[in-house]
Amino acid sequence: MITEKIKFGTDGWRAIIAQDFTVYNVARVSKGLADWLLQKNDKPVVVVGHDCRFGGELFTEITTKVLCANGIKVLLAKGFVSTPMISLGVLKLGAQQGVVITASHNPPSYNGYKLKGAHGGPSSPRDIAAVEALIPEEVVIPAESLAQWEAKGLLEYIALEDLYVDYLKEKFDFDQLSKSPFKMAYDAMYGAGQNVIRRLLPGAVLIHCDDNPGFHGQAPEPLDKNLRELAHTVATTPEIKIGLATDGDADRIGLYDGDGNFVDAHNIILLLIQYLHKYKGMNGKVVIAFSVTDRVKRLCQHYGLPVEVTAIGFKYISEIMVHDDVLVGGEESGGIAVKGHIPERDGIYDGLALYEFMTKTGKTLKELCEEIYEIVGRFVYERNDLNIDNDKKNAIIKKAADGGYDKFGKYTFNRIETIDGIKYHLDNGGWIMLRASGTEPLLRVYAEGNSKEQTLDILEDVKKTIL
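Residues numbered from 1 in each chain as written. Predicted model: local features only at pLDDT ≥ 70, side-chain atom pairs only at ≥ 80, totals over all residues. Heavy atoms only, no water.

Colleague: I'd love a proper account of the pattern of salt bridges, names of residues and values included.
Modeller: Tallied over the full model, the rule gives 38 salt bridges. Two residues, Lys297 and Asp294, come together in a salt bridge whose shortest N-O distance is 3.7 Å. By relative accessible area, Lys297 is classed as partly exposed at 32%. On the accessibility criterion, Asp294 (23% relative accessible area) is partly exposed. (Salt bridge = Lys/Arg side-chain N within 4 Å of Asp/Glu carboxyl O. Buried < 20%, exposed > 50% of the residue type's maximum accessible area, 1.4 Å probe, protein only.)

Spelled out as structure tokens, the structure:
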């Protein structure tokens, strides 16, 4: 049998279901994980679960069987769960590892395999590389049923959603939030967060909070273009002042103000820094991925908070959060973690923190954003994902890395950074970044300008230049 080498990207291994993401390959990854765990622990315990994607239950069952067959105890989540539920479960239950069968925000044809460490966040890049190196070319799939492993004491079922909901009740005053003058609308994007807001805020308006493994044909990524129904609902319902969305495994956030305007991750990071530091008196380092706006540096400079920039991939941020005192850690893609919670992205937790911010101050999201703009200035960010084949994608990135671009249309630049991708700092104060997707035939083009018109114009000039 000829088997392909399995590679983990910025956030786990992802592949197209039935093409590369197969029962056999999931078993191979699980055997590599088992061998790695047994090198480091006498009696390892692993929390395992899946989100709402097609095949999640099947792939979780295979993962569980392989781990149990290697003498590893599995705590298996009942029903679908979010990624933050797995990470919290690993920490709270004292497990050595977590596995989530999820492809997060990827299109419905994908599934994936995420690794979570004992600290309650993504496994470190070093540990992921060690597991990857141990993935065998061939594997034997155990014949025993889950019931047999349960009878042997190697499998135990757990109610992770209950654990997570009870935890949130300790962190937030839901009596106060349920009486908030600002009504919330929540779009689960058919993802794994769909039951949580229903349970905690029964007065919220719910959208796409039903189980649809194909996500109605759309990638469950909380971008403005994918959330038109939420935007319309917020814009046309006067009492709704906040629209919250989470992605397929509920670790990423999207947000709308009361007018139905999209509030992107850059603004959310700024709002969380403002709330936690200025209003709650909390301190710590701010850690941001390379694709996040430099306005974060400006706000941190204003408050005297240290900033660290990482490569793209939340695992890099999480690793710093484990060792350092971090106030907020965030990515441009909507994955944000905050002090006082686990070192993990959590769209629902972040959304509740901002809902609490609004409720306690009596200010709308728009008013809270205006507070920040007074410090850092107005800016508009957009991202364009270009669907191009991998050869073309790689050729563009190579040309950029070799200094092949001296301007993009009318936009000139004065400085280049290459922490992860190629970032051009423009003479007008904005920036452009080119970065290839590690899991799809996509070239991501990021841009920031001083207005929406300018930002869209920058993206158009970049597209004309590189294609």
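Colleague: Can you lay out helix H10 (residues 265-279) for me, pointing to particular residues and giving the numbers?
Modeller: Under the 1.5 Å per step criterion, the end-to-end length of H10 is 20 Å for 15 residues, consistent within 8% with the ideal 21 Å. At the N-terminal boundary of H10, the capping side chain belongs to Asp264, with an oxygen 3.1 Å from the backbone nitrogen of His266. Positioned one or two residues after H10, Gly281 has a phi angle of 70 degrees, which is positive. (Helix = DSSP H or I, 4+ residues; strand = E, 2+ residues; numbered from the N terminus. Expected span 1.5 Å × (residues − 1). Polar contact = N/O pair within 3.5 Å; in protein donor to acceptor, adjacent residues only side chain to side chain.)

Colleague: Outline unusual backbone geometry, supporting the account with residue identities and numerical values.
Modeller: A positive phi angle is found at Tyr190, which is not glycine, with a value near 60 degrees. Here Tyr190 is to be found in the loop between strand E7 (183-187) and helix H8 (194-200). Using a relative accessible area of 11% as the deciding quantity, one classes Tyr190 as buried. Unusually for a residue other than glycine, His216 sits at a positive phi of about 55 degrees. With respect to the secondary-structure elements, His216 resides in the loop between strand E8 (205-207) and helix H9 (228-236). Judged by its relative accessible area of 64%, His216 falls in the exposed class.

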